[in-house]
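Listed here are the chains, written in short residue letters.
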Amino acid sequence: QVRLVESGGGVVQSGGSLKLSCAASGMIFSINAMGWYRQAPGKQREFVASITAGGRTNYVDSVKGRFIISRDNAKNTVYLQMNSLKPEDTAIYYCNTAVGRGSYWGQGTQVTVSS
């Protein structure tokens, strides 16, 4: 069974940095694309970044130049390095992958950016 576990969230001041991790199990990690999404209070969940099995990355415009997604296939882990954080980045951040016909989510990790 696919399991995704996020960690690394916390409270940081505006302009600060955080690095999120998502550890995957129950899947062949190296052949799957991975993504990060976020959901702010009162808003819909939105795409943040993704990385293919080959390492190609994609970002939502609002985080380009500030966030970096990466993966370590030896550790079955995907990361999201978040720099120059803004209060509007405050949200629960979720890891996501699709395996076969299923889409899997972690439990989320809270990121709070204070102004």
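See the structure printed just above.
Residues numbered from 1 in each chain as written. Predicted model: local features only at pLDDT ≥ 70, side-chain atom pairs only at ≥ 80, totals over all residues. Heavy atoms only, no water.

**Re the side chain of Arg-71**
(1) Moving on: Mapping Arg-71 onto the fold places it in strand β7 (residues 67-72).
(2) Moving on: Buried within the structure, Arg-71 lacks any salt-bridge partner; Asp-72 is the closest side chain of opposite charge, at an N-O distance of 8.4 Å.
(3) Moving on: Looking at Arg-71, its side chain comes within polar contact range of the main-chain oxygen of Phe-29, at 2.7 Å.
(4) Moving on: A distance of 2.9 Å separates the side chain of Arg-71 from the side chain of Asn-73, its partner in a polar contact.
(5) Moving on: When residues no more than four places from it in sequence are discounted, the contact partners of Arg-71 are Phe-29, Ser-30, Asn-32, Ala-33, Met-34, Ile-51, Thr-52, Ala-53, Thr-77 and Val-78. (Helix = DSSP H or I, 4+ residues; strand = E, 2+ residues; numbered from the N terminus. Buried < 20%, exposed > 50% of the residue type's maximum accessible area, 1.4 Å probe, protein only. Lys, Arg positive; Asp, Glu negative; His and termini not counted. Salt bridge = Lys/Arg side-chain N within 4 Å of Asp/Glu carboxyl O. Polar contact = N/O pair within 3.5 Å; in protein donor to acceptor, adjacent residues only side chain to side chain. Contact = heavy atoms within 4.5 Å.)

**Brief notes about the state of the cysteines**
(1) Moving on: In total, this model carries one disulfide according to the counting rule given.
(2) Moving on: Covalent S-S linkage joins Cys-22 and Cys-95, the inter-sulfur distance amounting to 2.1 Å. Residues Cys-22 and Cys-95 are joined through a disulfide that is left-handed, its torsion about the S-S bond being -85°. Taken together, the residues span a long stretch of sequence, with Cys-22 in strand β3 (residues 18-25) and Cys-95 in strand β9 (residues 91-99) at a distance of 73 residues. Taken individually, Cys-22 and Cys-95 each receive the classification buried, so the pair is uniform in this respect. (Disulfide = S-S within 2.5 Å.)

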